[in-house]
Every structure is written in C-alpha cells, then in structure tokens.
Amino acid sequence: MEIINYTEEHKQFRQRLKNFLAKEVIPNIEKWEHDEITPKSIWAKLGKNGFLCTDVPQEYGGMGGDFLYSVIVCEEIAYSTIAGLLTYLHSDIIVPYISTFGTEDQKKKYLSKCVSGDIITAVAMTEPGAGSDLASLCTTAEDDGDHVVINGSKTFISNGINCDLVIVAAKDPVIENSYKAISLYIVEDGTPGFEKGQNLEKLGLHSQDTAELFFSKCRIPKSNLLGERGKGFYMLMQKLQQERLMITINALASGEFILEETIEYCKKTKDQGGLLAQNQSVQFKLVEMATDIKIGRTFIDKLIADHMEGKDVNTETSMAKFWVSEMANKVADRSLDLYGYSGWLEKCSVVRPWRDLRGTPIFGGTSQIMRKIIAKSMGL
Ligand SMILES: Cc1cc2nc3c(=O)[nH]c(=O)nc-3n(C[C@H](O)[C@H](O)[C@H](O)COP(=O)(O)OP(=O)(O)OC[C@H]3O[C@@H](n4cnc5c(N)ncnc54)[C@H](O)[C@@H]3O)c2cc1C
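Read on for an overview of the structure. As the structure is a computational prediction, the values presented were derived from the model and not from experiment.

Criteria and thresholds
- Residues numbered from 1 in each chain as written.
- Predicted model: local features only at pLDDT ≥ 70, side-chain atom pairs only at ≥ 80, totals over all residues.
- Heavy atoms only, no water.
- Phe/Tyr/Trp six-rings, centres within 6.5 Å; stacked < 30°, edge-to-face > 60°.
- Helix = DSSP H or I, 4+ residues; strand = E, 2+ residues; numbered from the N terminus.
- Buried < 20%, exposed > 50% of the residue type's maximum accessible area, 1.4 Å probe, protein only.
- Near = heavy atom within 4 Å.
- Polar contact = N/O pair within 3.5 Å; in protein donor to acceptor, adjacent residues only side chain to side chain.
- Areas by Shrake-Rupley, 256 points an atom, 1.4 Å probe, with all protein chains shown as cover.
- Salt bridge = Lys/Arg side-chain N within 4 Å of Asp/Glu carboxyl O.

1. Side note on the packing of aromatic side chains
The geometry of an aromatic ring pair is captured by the separation of the ring centres together with the interplanar angle, meaning the angle of the planes.
Part 1 of the argument: Applying the stated criterion across every chain yields a total of eight aromatic pairs.
Part 2 of the argument: Ring plane angle 70° and centroid distance 4.6 Å describe the contact between Tyr 179 and Phe 233, whose orientation is recorded as edge-to-face. In this pair, Tyr 179 sits in helix H7 (residues 178-181) while Phe 233 sits in helix H8 (residues 232-238), placing the two residues 54 residues apart along the sequence.
Part 3 of the argument: Ring geometry for Phe 194 versus Phe 215: centroids 5.1 Å apart, planes at 5°, classification stacked. Within this pair, whereas Phe 194 is found in strand S6 (residues 194-199), its partner Phe 215 is found in strand S7 (residues 210-221), the two being separated by 21 residues in sequence. Here Phe 194 and Phe 215 have matching classes, each one buried.
Part 4 of the argument: Every member of this aromatic cluster is reached through a ring pair, and the members are Phe 13, Phe 20, Phe 51 and Tyr 69.

2. Some thoughts on the site of the ligand
Part 1 of the argument: Around the ligand sit 16 residues, and of these Thr 126, Ser 132, Phe 156, Ser 158 and Thr 366 come closest.
Part 2 of the argument: Between Thr 126 and the ligand, the recorded distance is 2.6 Å, taken from a side-chain N or O atom to a nitrogen atom.
Part 3 of the argument: Note that a nitrogen atom of the ligand is positioned 3.0 Å from one of the backbone N or O atoms of Phe 156.
Part 4 of the argument: Burial of the ligand by the protein chains amounts to 64% of its free accessible area of 970 Å².

3. Notes on the pattern of salt bridges
Part 1 of the argument: Under the counting rule described, the total for this entry stands at 29 salt bridges.
Part 2 of the argument: Note that Lys 154 and Glu 127 form a salt bridge whose closest N and O atoms lie 2.9 Å from each other. A residue pair is termed long-range when its members are at least 10 positions apart, and Lys 154 in strand S3 (residues 147-158) and Glu 127 in the loop between strand S1 (121-124) and strand S2 (140-144) qualify at 27 residues.
Part 3 of the argument: Relative accessible area serves as the criterion here: at 0%, Lys 154 is assigned to the buried category.
Part 4 of the argument: When its relative accessible area of 6% is taken as the criterion, Glu 127 is described as buried.
Part 5 of the argument: Of the charged contacts, one joins Glu 264 and Lys 267 as a salt bridge, the two residues approaching to 4.0 Å between their closest N and O atoms. Placement of both Glu 264 and Lys 267 in helix H9 (residues 240-268) is noted, with a separation of three residues, approximately one turn of the helix.
Part 6 of the argument: The exposure class assigned to Glu 264 is partly exposed, which follows from its relative accessible area of 44%.
Part 7 of the argument: Salt bridges here are not isolated pairs; linked through shared partners, they connect Arg 14, Lys 18, Glu 75, Glu 76, Glu 256, Arg 297 and Asp 301.

What follows is the structure, given as structure tokens:
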C-alpha cells in the first residue's frame, strides 16, 4: 500500500508541469546558471500556468489545492535540476506567512499577485551576526506615529534581487526580551530606504539570486506589520515544520534524480571489458545508494501524510531535514565517484545537483541545530 495516494488530478497536474518544464525551463537552465538569476518572466509564466502558490484559496486567486500539489512542484523542479528556481521558498514557505497571519487587506493586496508570479517574495531573517541564533538579530523597527522605521542589514537572502516583497524580521529596540521584541514586516521593493546589494557569487544554486538587503531609515506604514506585534519569533517557529519539510523533499528528489542517472550511466558505460554495472563493487555501491534513498522516501512520504493531517511532526521533520540532506549529499558524492573523470565535467547531468545539494544541510536550520532540537525533544 502506498503511503501517499495521488489522485488522477494530481497526476495530470504533474504531467502538465513536466511538459511545461521541458519546454520553458530545461532548455534555459545553462543560460540562467551563467546569468546567476532566473528571469522574472519565467516566474510569471509559472504563475499564469497555475504552478505557484497552489494552496492559496480561490477567493484570493489561487486554486486552493492540497499540500500534494506543493510536493509535486517541489519534486519536479528538483528532477529538472533547476534547484536555483526556488519556487517552493516563495509558494510554500513565504507566502503562507501572508495567507496565515495577514490581515484581510494584506491578503487582498498581495496573494493573487503572488499566485500569478507578478510578486516574487523573499524572507529576510539572517544577518551578518545572526544566523542560527535568530534572537541575536540587530535590525530594528522603531515606532514613528503611523509608521515604523526599519534600520539594519540582512544577508544571504534568496530571491534577494528578484523580490518585489520581503518579509523582514526586526526588533523593537525598547523591548528587552529578544524573543518578544521580534516582529515581521512587509517591505515592498521601491520603498525609500530599502536597497538591494549585489548578487552573491555562490558555490551552488547559481541560477538563484542571493543578496544582501539594506534598510536605512526605511519608513513603512504600520499596516505592513504582519501578524501580531512581538510575535514574529513564534510565527517563524510555527511555520518551520512546512519549511523544513519542503527543503527535505527538494533534497530527496535531487538524490533520486542522481541515483537514476547513475544507474543508467553504469548500465551503459564499459570498464575493463565489461559494463560498470556488472562489477560487483559498483553494484554494491548502487544498492547502498538505492537503500538510503528508499528509506528517505518512505520517511518523507509518511511525514507528508502526517503534515497533511495537521499532526505536530516538528521533531521528525528536524530528523528528516538533517538525515535526508546529509544522505542526499552522500549519494551525490558516491555518484561522482562512479562517474570517474566524466563526473568532473560541467556537462555531466549529476554535477549541478551535486553542487546544489551542498546548501541543504545549511539553510532552514543547520544539521547541528536540527540535532539540538531533537536532543531537547528527547529530554536531553
Ligand atoms: C543557499 C542559502 C540560502 C539562504 N537563504 C536565506 C534566506 O532566504 N533568508 C534568510 O534569512 N537566510 C537565508 N540563508 C541563511 C541561513 O538561514 C543561515 O546560513 C543558517 O541559518 C545558518 O546560519 P549561519 O550561516 O550564520 O551559520 P552560524 O549560525 O554562524 O553557524 C556556523 C556553524 O556553527 C554551528 N552552530 C551554530 N550554533 C550552534 C549551536 N548552538 N550548537 C551547535 N552548533 C552550532 C552551525 O551548525 C554551523 O555549522 C541562506 C543560506 C544559504 C546557504
């Protein structure tokens, strides 16, 4: 029995997306990797075709789909090896803050444009001195009548160049308790005092624009507060289950792609007279990779099902986040070993996912932080 039962509608949606990616995305990946950004036009095309923010209710312009549509988009983008097109960050991590915590006015103003791809979103938490320890962030949001004035800088913000809207975590400087001082604010691109820095040159995710963001006397109306004042930290925590699940689904799908490609390569590549796949030590490596991937798939599908039932699987999701992202990196390393020098060529199909996977044990909470969370949940 399958853990997840995809309906005929889900399967048709997946096929439509596969066709779209084959036509509109895959032929352009190398150019976008070289440009170190994806054009905004592809976001708009994805949106117009119903592939962004699939869970947004119909009254706000979405299709009101279940979580499996998010899973399908995340997986298919990973299978296409365009991990740099981080739509799951927009659709399933950032926009849900607006759907869940936004006022009616905020939802009406932003959601339909997030669905159509006319608005690309980013979330800005990390600062030069505040990564894992969010409580130590220094960006401030001071009261000024009907406005709030934001000062500070953020770094390593995905979609940092393309973004039209950023959700910024900032502290009220008069509140001493760091956790209770953090609120979330919606800052629109073009707001005076909000500047985007340079696109950072990264090890992987080359087609993903990642930037520093600067806020200098950036005045925004108080109506841009997202959710309750002083509840920013708790709102971020509340959404971590889905955030980590999405990152893990993406990592697993990349691992699955790499495994399939490697098996095919070994089946057709000759070595010392025979095919690589006939060599027992190669077979054993492939078997170990396949076993790891299968364990990961079984665990993730169970978590997807639990998440859809509204269960609290925060601890299990933290386990999956570190285990699957480390496992997928291990699978990618072994794959490269099996490819030999061919795996050292940029044109080799597993090279980009190998490189892109390296970020997954870092963002969304590092592997060490995941272990800390799990230890705490075990009463340690
Ligand atoms: C590709 C990519 C995209 C990103 N996108 C975004 C984004 O869109 N928005 C955003 O806000 N941020 C983003 N980030 C930043 C990311 O969230 C941080 O990198 C992450 O939270 C870790 O913080 P740090 O890099 O400052 O490392 P640090 O917190 O400085 O950690 C350094 C090392 O110390 C370890 N460590 C730290 N504290 C502890 C502890 N208490 N116990 C044990 N070990 C510890 C860590 O595990 C790590 O190995 C992105 C990062 C990457 C790589």
